[in-house]
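Overview (structure and organization)
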Amino acid sequence: MYIYNWNEESPFNSRFYAYSSKPKENTITSEFISGRTVSVQANTKKIMIHSFNVKFTKAELSAFWNWFNDTLGQTANAFYCPAIGDKVYRFTSIPEPQD
């Protein structure tokens, strides 16, 4: 797995809006016939899901999809993005383009 940089290697902007961050569901719940339920943590780390919108020009949109598909390998690799924070991020699904 390679880690890429959103700003240096990408010719598109980092002006994010409608940013939200929420914890990923981290419990596995089992319900028995007797009615007893047991919940355990699936992961010991606190995994957060970040979502945001970004506005691209047509040239930036084309550059983003080239970076996402060819450089990043879609959801295969991770990237740094200082506009969000100092951690390593990864796409969990393919972004849905909007008008």
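Every chain begins its residue count from 1, and numbering advances along the sequence as written. Where totals are concerned, whole chains, interfaces and linings use all residues; where local detail is concerned, this predicted model gives features only for residues with pLDDT of at least 70, and gives and counts side-chain atom pairs only at 80 or more. Hydrogens are left out, water is left out, and the side-chain values use all remaining heavy atoms of the structure.

1. Overview of a nonpolar patch on the surface
What counts is decided by this rule: Each patch is built from residues that are more than 30% exposed by relative accessible area and take part in no salt bridge. Like charges join if they lie within 9 Å; nonpolar side chains (Val, Leu, Ile, Met, Phe, Trp, Tyr) join within 5 Å. Per-residue and other accessible areas follow the Shrake-Rupley method at a 1.4 Å probe size, with only the shown protein chains counted as cover for residues. Take a side-chain nitrogen of Lys or Arg and a carboxyl oxygen of Asp or Glu: if they are within 4 Å of each other, that pair is a salt bridge. Each helix corresponds to a stretch of at least 4 residues labelled H or I by DSSP, and each strand to a stretch of at least 2 residues labelled E; elements are numbered beginning at the N terminus.
Residues Ile-3, Tyr-80 and Val-88 make up a contiguous nonpolar surface patch of about 240 Å² in total accessible area. Along the chain, Val-88 turns up in strand β7 (residues 88-89).

2. A look at the nonpolar core
Inclusion rule: Residues belong to one nonpolar core when they are buried, are Ala, Val, Leu, Ile, Met, Phe, Trp, Tyr or Cys, and are joined through side-chain atoms within 4.5 Å. A 1.4 Å probe rolled over the protein chains alone gives each residue an accessible area, and that area as a share of the maximum for its type sets the label: buried under 20%, exposed over 50%, partly exposed in between.
Counting eleven residues, the largest nonpolar core consists of Tyr-4, Phe-16, Phe-64, Trp-67, Phe-68, Leu-72, Phe-79, Cys-81, Ile-84, Tyr-89 and Phe-91. The dominant element in this core, judged by the number of residues it contributes, is helix α1 (residues 58-71), at three residues.

3. Some words on the confidence of the model for the protein
To keep it simple, the criterion reads: On a scale of 0 to 100, pLDDT captures the predictor's confidence in every residue.
With 85% of its residues at a pLDDT of at least 70, the protein reaches an overall mean of 77. For the protein, the element scoring lowest by mean pLDDT is strand β1 (residues 3-5), at 72; strand β3 (residues 27-31) scores highest, at 87.

4. Overview of the packing of aromatic side chains
We count it as follows: Here the aromatic set is Phe, Tyr and Trp, taking the six-membered ring for Trp, and pairing holds for ring centres within 6.5 Å; pairs whose planes are under 30 degrees apart are stacked, those over 60 apart are edge-to-face, and all others are tilted.
Inspection of every chain in the model, using the stated rule, returns eight aromatic pairs. A centroid spacing of 6.1 Å and a plane angle of 40 degrees characterise the contact between Phe-64 and Trp-67, whose relative ring orientation is tilted. On the criterion of helical spacing, the pair formed by Phe-64 and Trp-67 is a turn pair, its members being three residues apart in helix α1. Just as Phe-64 is buried, Trp-67 falls in that class too.

5. Quick look at α1
Condition: To estimate the expected span of a helix, subtract one from its residue number and multiply by 1.5 Å. As used here, the arc belongs to the directions running from the helix axis to the C-beta atoms. What makes two residues a contact is simply this: any of their non-hydrogen atoms within 4.5 Å.
With 14 residues, α1 should cover 20 Å at 1.5 Å per step; its first-to-last C-alpha distance of 19 Å lies within 8% of that length. Turning to α1, its buried residues number three or more, namely Glu-60, Ala-63, Phe-64, Trp-67 and Phe-68. Considered in projection along α1, the buried side chains sweep an arc of 130 degrees and stay on one side of the axis. When the buried face of α1 is taken as reference, the exposed residues oriented beyond 90 degrees from it are Lys-58, Ala-59 and Asp-70. Looking at the buried positions of α1, the neighbouring elements they touch are β1 and β6 (78-80). Looking one or two residues past α1, Gly-73 carries a phi angle of roughly 75 degrees, positive in sign.

6. Comments concerning the pairing of strand β4 (residues 37-41)
What counts, and what does not: Strand pairing is defined by DSSP finding a minimum of two bridges between the two strands.
Taken together, the five bridges between β3 and β4 define a ladder with antiparallel strand orientation. Looking at the pairing, Thr-27 lines up with Gln-41 of β4. Counted along the chain from β3 to the antiparallel partner β4, the turn is five residues long, and its residue Gly-35 has a positive phi close to 100 degrees.

7. Let's talk about the sheet that holds β7
Taken together, the three strands give an open sheet; going across it, the order is β1-β6-β7, and neighbouring strands pair in mixed fashion. Because the sheet does not close on itself, it has two edges, and the strands there are β1 and β7. Relative to β6, β1 is paired through three bridges, and the arrangement is parallel. Looking at β6, one finds that Asn-5 is bridged to Tyr-80.

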